[in-house]
Amino acid sequence: MLNKLKLLSLSSYPHLYRFLLWLWAGLSVFIIIAFVRFLSLADENNVTSIHPDQLIQILTQLDLINMLTLPDFWQISLSGEAGNSAMFLGGYSAMSLLIFNAGLYTYHKNIEALHRRQVFILLICAGWAHLLLAKCILLFSIPVKLTGPVIAVGALSVLYFSLSALMFDTFLCLRRKSI
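Quick caveat, the model's predicted, so the values are computed rather than measured. (Residues numbered from 1 in each chain as written. Predicted model: local features only at pLDDT ≥ 70, side-chain atom pairs only at ≥ 80, totals over all residues. Heavy atoms only, no water.)

**Thoughts on the environment of glutamine 75**
Condition: Strands here mean DSSP runs of E at least two residues long; helices mean DSSP runs of H or I at least four residues long; both are numbered from the N terminus. Buried means the residue's accessible area, taken with a 1.4 Å probe over protein chains only, is under 20% of the maximum for its type, while exposed means over 50%, and partly exposed covers the values in between.
Inspection of the secondary structure puts glutamine 75 in helix H5 (residues 71–77). By relative accessible area, glutamine 75 is classed as exposed at 54%. Residues glutamine 75 and phenylalanine 38 lie 37 residues apart in sequence; the distance between their C-alpha atoms is 8.9 Å.

Laid out in structure tokens, this is it:
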């Protein structure tokens with residue numbers, strides 16, 4: 001098992017490894033910002049490539065692949081229309097990030113020292129795990145009124161955790177250069 005993990009390791013290529021992690025986090029941030037903007041700006045007047053009932057079906061199933069392939073998705077989410085900046089605020093996602101970071105810090109100080117790449121990967125994976133959990137919750141028959149908050153917590157968690165990973169790595173890079 002360890003031999004297989006060594007084959008998958010990119011530790012001998014630290015710049016490529018860092019680039020891939022930053023690309024993963026950057027794309028996560030970009031896609032989630034576009035997704036949240038689409039959710040807040042889309043309405044029956046500007047969604048033309050799909051019937052509103054089909055769009056609601058895609059949203060309630062959190063089918064990101066179908067959503068990303070919609071031409072209206074990119075037109076609406078990348079439009080110059082100003083949205084409310086409050087759409088990017090989520091208390092549950094922020095609390096989850098704080099709890100996760102406290103757990104990482106406790107683990108790092110008391111059990112085993114974590115490498116910065118491990119922290120980076122753990123943060124990104126935790127964010128996407130929130131979105132996966134939101135998708136799993138939506139597979140159950142929950143009330144339609146809860147669909148929005150479940151999707152918002154999952155999406156904003158990806159955004160918060162990815163931004164946290166990028167800020168953490170940037171801070172460590174800047175700190176290393178200043179020492």
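**Description of the packing of helix H6 (residues 91–110) against helix H7 (residues 116–139)**
Spelled out, the test is: The axes are straight lines fitted to the C-alpha atoms, using for helices just the contacting stretch, and the angles between their N-to-C directions are given from 0 to 180°. Left-handed describes a crossing in which the near helix is turned anticlockwise from the far one by less than a right angle; the clockwise case is right-handed. In this analysis, two residues are considered to be in contact whenever any of their non-hydrogen atoms come within 4.5 Å of each other. Asp, Glu, Lys and Arg are counted as charged, while Ala, Val, Leu, Ile, Met, Phe, Trp, Tyr, Cys and Pro are counted as nonpolar; the rest, among them Gly, fall into the polar class.
At a minimum axis distance of 12 Å, the contact between H6 and H7 shows a crossing angle of 145 degrees. Here H6 runs over H7; the crossing is right-handed. Here Ser96, Leu97, Phe100, Asn101 and Leu104 of H6 lie close against H7, whose contacting residues are Val119, Leu122, Leu123, Ala126 and His130. Tallied by class, the residues present in the contact of H6 with H7 amount to seven nonpolar, three polar and no charged.

**Let's talk about the confidence of the model for the protein chain**
Let me state the cut-off plainly: Confidence scores here are pLDDT values: one per residue, from the predictor, ranging 0 to 100.
Scored by pLDDT, the protein chain comes out at a mean of 82, with 88% of its residues at no less than 70. Per-element confidence in the protein chain is highest for H7, whose mean pLDDT is 90, and lowest for helix H1 (residues 2–8), whose mean pLDDT is 46. In this model, residues 4–10 is a region of pLDDT below 50 whose contacts with residues beyond four sequence positions or in other chains number two contacts.

**A closer look at the nonpolar core**
The condition is simple: Remark: nonpolar core denotes a set of buried residues (Ala, Val, Leu, Ile, Met, Phe, Trp, Tyr, Cys) joined through side-chain atoms within 4.5 Å.
With 42 residues, the main nonpolar core has Phe35, Leu55, Leu62, Met67, Phe73, Phe120 and Leu123 as its most contacted residues. Within the residue set of this core, elements represented by two or more residues are helix H2 (14–41), helix H3 (52–60), helix H4 (64–68), H5, H6, H7 and helix H8 (147–178).

**As for a nonpolar patch on the surface**
We apply this condition: What goes into a patch is any residue over 30% in relative accessible area without a salt bridge, connected to like charges within 9 Å or, for nonpolar side chains (Val, Leu, Ile, Met, Phe, Trp, Tyr), within 5 Å. Accessibility throughout is a Shrake-Rupley quantity obtained with a 1.4 Å probe, and a residue counts as covered only by protein chains that appear here. Salt bridges are defined as contacts in which a side-chain nitrogen from Lys or Arg sits within 4 Å of a carboxyl oxygen from Asp or Glu.
Taken together, the side chains of Leu16, Phe19, Leu20, Leu23 and Leu27 define a hydrophobic patch exposed on the protein surface, amounting to about 450 Å² of accessible area. In this structure, leucine 23 sits in helix H2.

**Some details on the packing of aromatic side chains**
So the rule is basically this: Classification of ring pairs uses Phe, Tyr and Trp, with its six-membered ring standing for Trp, and accepts pairs whose centres are within 6.5 Å; under 30 degrees between planes counts as stacked, over 60 as edge-to-face, and the remaining range as tilted.
The final tally for this structure, using the stated rule, is five aromatic pairs. Ring geometry for tryptophan 22 versus phenylalanine 120: centroids 6.4 Å apart, planes at 35 degrees, classification tilted. Of this pair, tryptophan 22 sits in helix H2 while phenylalanine 120 is found in helix H7, placing the two residues 98 residues apart along the sequence. You can call tryptophan 22 partly exposed: its relative accessible area is 31%. Relative to phenylalanine 161, the ring of phenylalanine 100 has its centre 5.5 Å away and its plane inclined at 65 degrees; by these criteria the two rings are edge-to-face. You can see phenylalanine 100 sitting in helix H6 and its partner phenylalanine 161 sitting in helix H8, a full 61 residues away along the chain. The buried category is assigned to phenylalanine 161, whose relative accessible area is 0%.

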